[in-house]
Amino acid sequence: MKRIVIILPSMKQTPKTNTTIALNRKAQHEYFIEDRFEAGLVLEGWEVKSLRAGRVQLDQGYVILKGAEAWLIGASITPLQTASTHIHPDPQRTRKLLLHQSELNKLIGNTERRGYTLVPTVLYWKNNRVKLEIGLAKGKKLHDKRATEKDKDWKRQQQNLFKRQRG
């Protein structure tokens, strides 16, 4: 038995690429990120338009768990000048994160019992939806930050040496 599939113009598949909107580079410097979770965001229309224009900052943002729900606090989405006149945009608005219940339970257990914190790391598009990668992280001490910088410098020097040897 043969199956015939007809693809209508409105059903065309879009490329399934992840396009990065914003990175939180400060999170890699300040924390050891041990596990990562993908969460959806509840956004308003003006926020999506601002994200398409790349007007977002994650470096001051953090995630809290309250009432078995996850919330993004402190991330700034700057409104466009062309925002509608009847909307009063709030750039620092608290935004709800969409996670599965099993993921929420795991995050609640780790943050309350083991002393982890939740940090937004990457904001990106996935199949025309905005996704936020949050990291389950432990804070770094000053000597850990120094060691990380030393390792980065050493890797950079190795790359330069390999390039010189080849060229």
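Note that this is a predicted model, so its numbers are computed, not measured.

**Some words on the environment of Gln81**
Mapped onto the secondary structure, Gln81 falls in the loop between strand E6 (76-77) and strand E7 (95-98). Judged by relative accessible area, Gln81 falls into the exposed class, the value being 76%. Along the chain, Gln81 and Ser50 lie 31 residues apart, while their C-alpha atoms are 9.7 Å from each other.

**Observations regarding empty space enclosed by the protein**
In this structure the tally under the stated criterion is 1 cavity of 30 Å³ or more. Reported here for the largest cavity is a volume of approximately 50 Å³. In this structure, the largest cavity is lined by Leu41, Leu43, Leu51, Val56, Leu58, Leu72, Ala75, Ile77, Arg95, Leu123 and Val130. Its residues assigned to classes, the lining of the largest cavity shows 10 nonpolar, no polar and 1 charged.

**Overview of the packing of aromatic side chains**
Tallied over the entire structure, the rule returns 0 aromatic pairs. In this arrangement the basic side chain of Arg52 is found over the ring face of Trp125, its NZ or CZ atom lying 4.3 Å from the centre. Lys138 extends its terminal NZ or CZ atom over the ring of Tyr116, reaching a point 4.9 Å from the ring centre.

**Comments concerning the nonpolar core**
Among the nonpolar cores identified, the biggest contains 26 residues, and Leu51, Leu97, Leu99, Leu123, Leu132 and Ile134 are the most heavily contacted of them. Of all elements in the fold, only strand E1 (19-23), strand E2 (31-41), helix H2 (45-52), strand E5 (69-73), helix H3 (101-113), strand E8 (117-126) and strand E9 (129-139) reach the threshold of two or more residues within this core. When residues in this core are grouped by element, the largest group, 4 residues, is from E9. Excluding its chain neighbours within four sequence positions, the residues that come into contact with Leu97 are Ala39, Gly40, Leu41, Val63, Ala70, Trp71, Leu72, Leu132 and Ile134.

**Side note on unusual backbone geometry**
Although it is not a glycine, Asn127 sits at a positive phi angle of roughly 50°. Structurally, Asn127 is set in the loop between E8 and E9.

**Let's talk about the pattern of salt bridges**
Two side chains carrying opposite charge are able to pair once their charged atoms lie near each other. What the rule picks out here adds up to 10 salt bridges. Here Asp35 ties to Lys106 by a salt bridge, and the two come within 3.2 Å at their closest N and O atoms. Here Lys106 lies in helix H3 and Asp35 lies in strand E2, a separation of 71 residues in the sequence. On the basis of relative accessibility, which here comes to 25%, the residue Asp35 falls in the partly exposed class. The exposure class assigned to Lys106 is partly exposed, which follows from its relative accessible area of 43%. Salt bridges sharing partners connect three or more residues here, namely Glu44, Glu47, Arg93 and Arg95.

**Some details on the pairing of E2**
As paired elements, E2 and E9 share 9 bridges and run antiparallel to each other. Residue pairing in the sheet places Arg36 in a bridge with Gly135 of E9. Bridge count for E2 against E7 is 2 bridges, and the pairing is antiparallel. The partner of Gly40 across the bridge, within E7, is Leu98.

**What about H2?**
For H2, every residue scored as buried is listed here: Trp46, Glu47, Ser50 and Leu51. Relative to the axis of H2, the buried residues are bounded by an arc of 140° and lie together on one face. Of the exposed residues in H2, the ones pointing more than 90 degrees away from its buried face are Gly45, Lys49 and Arg52. Where H2 is buried, its residues contact E1, strand E3 (56-57), E6, E7, E8 and E9. Following H2 by one or two positions, Gly54 adopts a phi angle in the positive range, close to 80°.

The rules behind each value
Residues numbered from 1 in each chain as written. Predicted model: local features only at pLDDT ≥ 70, side-chain atom pairs only at ≥ 80, totals over all residues. Heavy atoms only, no water. Helix = DSSP H or I, 4+ residues; strand = E, 2+ residues; numbered from the N terminus. Buried < 20%, exposed > 50% of the residue type's maximum accessible area, 1.4 Å probe, protein only. 1 Å grid on protein atoms, 1.4 Å probe; cavity = no way out; pocket = protein on both sides within 12 Å on 5 of 7 lines; lining within 4 Å. Points joined across faces, edges and corners; volume = space filled by probe spheres on them. Nonpolar A, V, L, I, M, F, W, Y, C, P; charged D, E, K, R; others polar. Phe/Tyr/Trp six-rings, centres within 6.5 Å; stacked < 30°, edge-to-face > 60°. Lys NZ or Arg CZ within 6 Å of the ring centre and 35° of its normal. Core = buried A, V, L, I, M, F, W, Y, C linked by side-chain atoms within 4.5 Å. Contact = heavy atoms within 4.5 Å. Salt bridge = Lys/Arg side-chain N within 4 Å of Asp/Glu carboxyl O. Pairing = 2+ DSSP bridges. Arc of directions from axis to C-beta.

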